[in-house]
Amino acid sequence: MAKQEDDFKKVISHAKEYGYVFQSSEIYDGLSAVYDYAQNGAELKKNIREYWWRAMVQLNDNIVGLDAAIFMHPTTWKASGHVDAFSDPLIDNKDSKKRYRADVLVEDYVAKIEGKIEKEVKKATKRFGEAFDKEQFLSTNQRVVDYQEKATTILKRLGKSLENEDLADVKKLIEELEIACPMSGSKNWTDVKQFNLMFGTKLGASTETAMDLYLRPETAQGIFVNFLNVQKTSRMKIPFGIAQTGKAFRNEIVARQFIFRMREFEQMEMQFFIKPGSQKEWYEHWKAHRLRWHLSLGMGEDNYRFHDHEKLAHYADAAADIEFRFPFGFKELEGIHSRTDFDLSKHQEFSGKKLQYFDTDENKNYVPYVVETSIGLDRMFLAVFSNSLQEEELENGTTRTVLKLPAVLAPTKAAVFPLVKKDGLPELAHEIIDDLKWDFNVLYDQKDAVGRRYRRQDANGTPFCITVDHQSLEDKTVTIRHRDTMEQQRVAISELKAIIHKEVDMKSWLMKMK
Ligand code: ATP
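Cut-off values and rules
- Residues numbered from 1 in each chain as written.
- Predicted model: local features only at pLDDT ≥ 70, side-chain atom pairs only at ≥ 80, totals over all residues.
- Heavy atoms only, no water.
- UniProt positions renumbered as here; feature names shortened; annotations may be inferred.
- Helix = DSSP H or I, 4+ residues; strand = E, 2+ residues; numbered from the N terminus.
- Buried < 20%, exposed > 50% of the residue type's maximum accessible area, 1.4 Å probe, protein only.
- Lys, Arg positive; Asp, Glu negative; His and termini not counted.
- Salt bridge = Lys/Arg side-chain N within 4 Å of Asp/Glu carboxyl O.
- Polar contact = N/O pair within 3.5 Å; in protein donor to acceptor, adjacent residues only side chain to side chain.
- Arc of directions from axis to C-beta.
- Pairing = 2+ DSSP bridges.
- Axes fitted to C-alpha atoms, helices over the stretch in contact; angles between N-to-C directions.
- Contact = heavy atoms within 4.5 Å.

Under an unreviewed UniProt entry, the name given to the protein chain is Glycine--tRNA ligase, and the source organism is Maribacter algarum. Regarding the protein chain, the relevant UniProt record gives this comment under Sequence similarities (unreviewed entry): "Belongs to the class-II aminoacyl-tRNA synthetase family." What UniProt records for the protein chain under Subcellular location (unreviewed entry) is the sentence "Cytoplasm".

> I would appreciate a short explanation of the side chain of K413 in the present structure.
In this fold, K413 is placed in the loop between β18 (399-403) and β19 (414-418). The buried charged residue K413 lacks any salt bridge, with E43 as its nearest oppositely charged partner at 7.8 Å. Reaching out from K413, the side chain makes a polar contact with the backbone oxygen of A407 at a distance of 2.9 Å. A polar contact is formed between the side chain of K413 and the backbone oxygen of V408, at a distance of 3.0 Å.

> Just to check I follow, could you spell out helix α17 (residues 496-504) for this structure?
Residues three or four positions apart in an α-helix share a direction because the helix packs 3.6 residues into each turn. Inspection of α17 places L496, I499, I500 and V504 among the buried residues, and these make up the whole buried set. When α17 is viewed along its axis, its buried side chains cluster within an angular range of 115° and face the same direction. Turned more than 90 degrees off the buried face of α17, the exposed positions are A498 and K502.

> What is the right way to look at the UniProt feature "domain: Aminoacyl-transfer RNA synthetases class-II family profile" (unreviewed entry) in the protein chain in this model?
If you check UniProt for "domain: Aminoacyl-transfer RNA synthetases class-II family profile" (unreviewed entry), the listed places come out as residues 177-418 in our numbering. Span residues 177-418 is 22% helix and 36% strand, its end C-alpha atoms 63 Å apart.

> In this structure, what is going on with the sheet that holds strand β5 (residues 99-101)? I would like to understand it.
Pairing in this open sheet of three strands is antiparallel, and the strands run β5-β4-β6 from one edge to the other. Taken across any chain shown, the strands that pair with only one partner, and hence form the sheet edges, are β5 and β6 (193-196). This sheet shows a mean twist of 45° between the axes of neighbouring strands, independent of strand direction. In this sheet, β6 lies alongside strand β4 (residues 87-92) in antiparallel orientation, the contact comprising four bridges. Pairing of D88 across the sheet is with F195, part of β6. This element, helix α5 (residues 102-128), spans β4 and β5 of the sheet and lies at about 70° to β5.

> Hey, could you run me through the pairing of strand β12 (residues 318-326) in this one?
Here is the key point about a regular strand: its side chains alternate between the two faces of the sheet. Taken across its nine residues, β12 has eight buried, putting it largely inside the fold. Where strand β11 (residues 304-308) meets β12, five bridges bridge the pair, whose relative direction is antiparallel. From the neighbouring strand, D308 faces β12, where its bridge partner is A320. Bridge count for β12 against strand β13 (residues 329-340) is nine bridges, and the pairing is antiparallel.

Structure (structure tokens):
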């Protein structure tokens, strides 16, 4: 645990030191769970968004984009169920006065059991070497089987109590498991209560006529209320999808995990409208497809797993998370939900307007079913950033800090250095930049020895460094160094564009999804 916390602290301080993420309004001591993206962070975030958008909208001829407003008519949130049901169960510790999400306390307890299972697996892998069969071990080792059973029983009970709104049983479960406040170790808990997560605001100039509004807690509803407008104007036939990225706001009870859980964040969502009855097939399709998108970034298959929901949201008939191995363990990165016709039917009921599709093959009208994929852009940022930050032992005994961002997402693709600040080398370096900048983000650096400049760009996540020296003036060649391998090559200046392009081109990364 201590190592995990330490690793996570390193991620947060590196994000600040290298201009990725700052605490919001830091000069006023910050605002809890609100963050600003700095010069590098804004680029990384933009590249992740673009990678998602191209995979969704550009590569699927039956998916179109949308950019709906953050403010929506307040009835939207009555229809969607958010006014009544968008809440989390909270519990306070009477001694430490700290507030927690009751379900998260139990889930963290289960995560510890899972940690024990992982430890047993690691030990056994060492013991049995090549001959180790993980599946067999998981199903036959008595200790592991017992752990697994305990974890499943706890999660099932939690799911059932939440579904039945039996908050007293959630408290009982916390007491039975003897869960203590992580801050104080106290087990002196209040009752569990529900807490609505929507932020309210007002629209209108005078107090008498002002209308109560909510900041949207998800982008999905903007898609549902526009379903028919988009379908008609694009003349899409079912099955088809509508994708959008944008801000969402949630007054989270506990927000202590940097950009993992924020009060203002960005979502990338796609709602796929289908024929009723085909939801199982499309749900499986999108689960597999979204995992392929993640894997295309090459961040390691072992770092992802599916988690099927025990407790289904009020709108869903099936739901799974794609979980990622964050510095604090496996946690939800993306959700894939089969939402039935819940949303469109509710909007139809509350608005009095028909939200139906005329299926020419079947010659009838129906309210389509929906399968949704929903990922937090900030969470994806944290997954990419934390997974990329590595300390490497070098052959000469020193270590280097390197941010091995997938090159396609890196904020700056290349840094250009003159070996010395004279003899016309800076001028040639600038000439190279003036040519490359039309295709890529590139930067110039002439400060310190070249070795230190390399280290700086390694920590910055820049995939290439290009050094201009005296030989460059004579034969128009430079040294190009690769961030991950530290390999250096002498190449013609005229080849630079093609070399960089080959590694950072979005098309070749996206093609790995095939
Ligand atoms: P959690 O269980 O972690 O609260 P959720 O199940 O409420 O998440 P969804 O409503 O399914 O999340 O939202 C879809 C995605 O939006 C999540 O998978 C996550 O990536 C992102 N997300 C949700 N809440 C936040 C938040 N407070 N900060 C950052 N990202 C978030």
